[in-house]
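A closer look at the structure
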Amino acid sequence: MATVFTRRALLSAAAALSAAPLTAAAPSRDEDVVGQPLRPWRRGGLDIHHIATGRGDCALIIGPDGSSLMIDAGASATPPPASLDIRPGPQRRAGEWIGRYARRHLAATGEPKLDAFLVTHLHPDHVGDVGPDTPLAPGGAYRLTGVSDVAALLPIGLLVDRDYPDYAFPKPWDAPFAKNYKAFLRERARTGGRVERFEVGAADQLKLPGVEIRNLAANGEVWTGRGTETRRLFPPIETLAKDDIPDENACSTAIRLRYGAFGYFAAGDLTSSSFDGTQPWRDVETPAAQVAGPVDVAVAAHHGMFDATGADVVRALRPRAWIIQGWHAAHPSPDALERMLSQRLYAGARDVFSTGLSSANVLAHKWLTDRLVAQNGHVVVRVAPGGGRYRIVVTDNSDETDKVLSSWGPWSA
């Protein structure tokens, strides 16, 4: 007697198969093998490395021709147990580990350098923290941490951030780590380095040949989807009470990357919180996500915290994979993770990867964190030449061997 399969059963089986890590006995030369080092980048492919140091956000993008872009280089000084242990270990600063990781993986391009660097906003887990023991750079103009540590190990072509050169919007920002980052930029500019302000609406500021990177939002300004036209969400700053002035998170940059059919969304610490509807203009994340449209992979903004990745953001992006750049016990919050997983907000299979998950978070929210397909390690998105298919590979961040822990996909973009 023939077996009859319902449509629901077939869809469930397909989802289960697509969610399972690859365990083929004889993988092709294009696959990464569990237990073996991550294979090098290959020309024509697009690799997006979410680097897990336990100290903040960092993504390294290697384009089809070998051009590269790094987004942030976090080096928070928050100690455990609130933060995760620094990975691979305390022998080096987080920025040094990031620079070494990038140099290792850019070697396959033939010239280990960063063509561009995007700083989403000025917080320690994105630019680097400083303290009395943070070493001075040669010459003593600034201290080595986060972004400046990476710059000491790799040449950087163009550096772009949200408010260069004066950082007066929405108000002056004089925290020690911000002052150190600005001192680094002054020295960079003095010696001929290129620095630019992020241009909302542009699709040619951050260049990876063969890839479109659209600047979606920054400083309360959002692309409309027409040409390079933008609209402003924030009211005039001078009309706001002191406590209502937007913070760095609300001013974060957001981008959408496209390579062929493949789409990717990243928005730093951009938030969708509107203070319970009392200040709707604060929700910059939702219009940024809506103008981006559906993507294949999305990075959960603000590390998956409660005030980001709102319901309308999830509905607009509808990714096959979410990536959480976690480094703190509060990453992710249960409400944001539940939204990412919600079949009510959008139907279909999806997987959620975290670069780091605190045992305290697991203890408090195990019914949700058990649904993460990866809880620790570098998360690498590998898009095939042409952008038609992609995989996600998780690698070990306990040392520098880049051993593959799991491989997911492939999926059609």
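Here, every reference points to the structure presented above.
Presented here is a report on the structure given in the accompanying data block. This one's a predicted model, so the numbers in the text were calculated from it and none came from an experiment.

**Observations concerning the nonpolar core**
Core analysis: the largest hydrophobic core is formed by 42 residues, its most contacted members being Phe265, Leu317, Trp322 and Val352. Counting residues per element, the ones that place at least two in this core are β7 (212–218), β8 (221–223), α6 (285–292), α7 (311–317), β13 (321–324) and α8 (334–341).

**What about the pattern of salt bridges?**
On inspection of all chains with the given rule, the structure shows 22 salt bridges. As a salt-bridge pair, Asp149 and Arg93 come within 2.8 Å of each other at their nearest N and O atoms. Separated by 56 residues along the polypeptide, Asp149 in helix α4 (residues 146–153) and Arg93 in the loop between β3 (68–71) and α2 (94–106) bring together distant segments of the chain. The buried category is assigned to Asp149, whose relative accessible area is 2%.

**Let's talk about the sheet that holds strand β5 (residues 156–161)**
With mixed pairing, nine strands are arranged side by side in an open sheet as β6-β5-β4-β3-β2-β1-β15-β16-β17. Each of the sheet's edge strands pairs with one partner strand only, and the pair in question is β6 (194–197) and β17 (404–412). The mean angle between the axes of side-by-side strands here comes to 15°, regardless of whether they run parallel or antiparallel. Sitting on the sheet, α2 is in contact with β1 (46–50), β2 (59–62), β3, β4 (114–119) and β15 (378–383), with an inclination near 15° to β2.

**Digging into α6**
With seven of its eight residues buried, α6 lies for the most part within the structure. Looking at α6, one finds that the buried residues are Glu285, Thr286, Pro287, Ala288, Ala289, Val291 and Ala292. Looking at the packing, one finds that the buried side of α6 touches β7, β8, β9 (230–232), β10 (254–259), β11 (262–266) and α7. Where α6 ends, the next residue or the one after it, Gly293, has phi of about 80°, a positive value.

**A closer look at the sheet that holds β11**
The pairing of strands in a sheet comes from backbone hydrogen bonds and takes either a parallel or an antiparallel form. Strand order across the open sheet formed by eight strands is β9-β8-β7-β10-β11-β12-β13-β14, with mixed pairing between neighbours. Where the open sheet ends on each side, the last strands, each with one partner, are β9 and β14 (351–354). Geometrically, the sheet is characterised by an average inter-axis angle of 20° between neighbouring strands, direction not taken into account. Bridging between β11 and strand β12 (residues 297–299) involves two bridges; their strand directions are parallel. From the neighbouring strand, Tyr264 faces β12, where its bridge partner is Val297.

Scoring rules and cut-offs
Residues numbered from 1 in each chain as written. Predicted model: local features only at pLDDT ≥ 70, side-chain atom pairs only at ≥ 80, totals over all residues. Heavy atoms only, no water. Core = buried A, V, L, I, M, F, W, Y, C linked by side-chain atoms within 4.5 Å. Buried < 20%, exposed > 50% of the residue type's maximum accessible area, 1.4 Å probe, protein only. Helix = DSSP H or I, 4+ residues; strand = E, 2+ residues; numbered from the N terminus. Salt bridge = Lys/Arg side-chain N within 4 Å of Asp/Glu carboxyl O. Pairing = 2+ DSSP bridges. Axes fitted to C-alpha atoms, helices over the stretch in contact; angles between N-to-C directions. Contact = heavy atoms within 4.5 Å.

Note that every value here comes from positions in space, so none of it alone points to a role or purpose.
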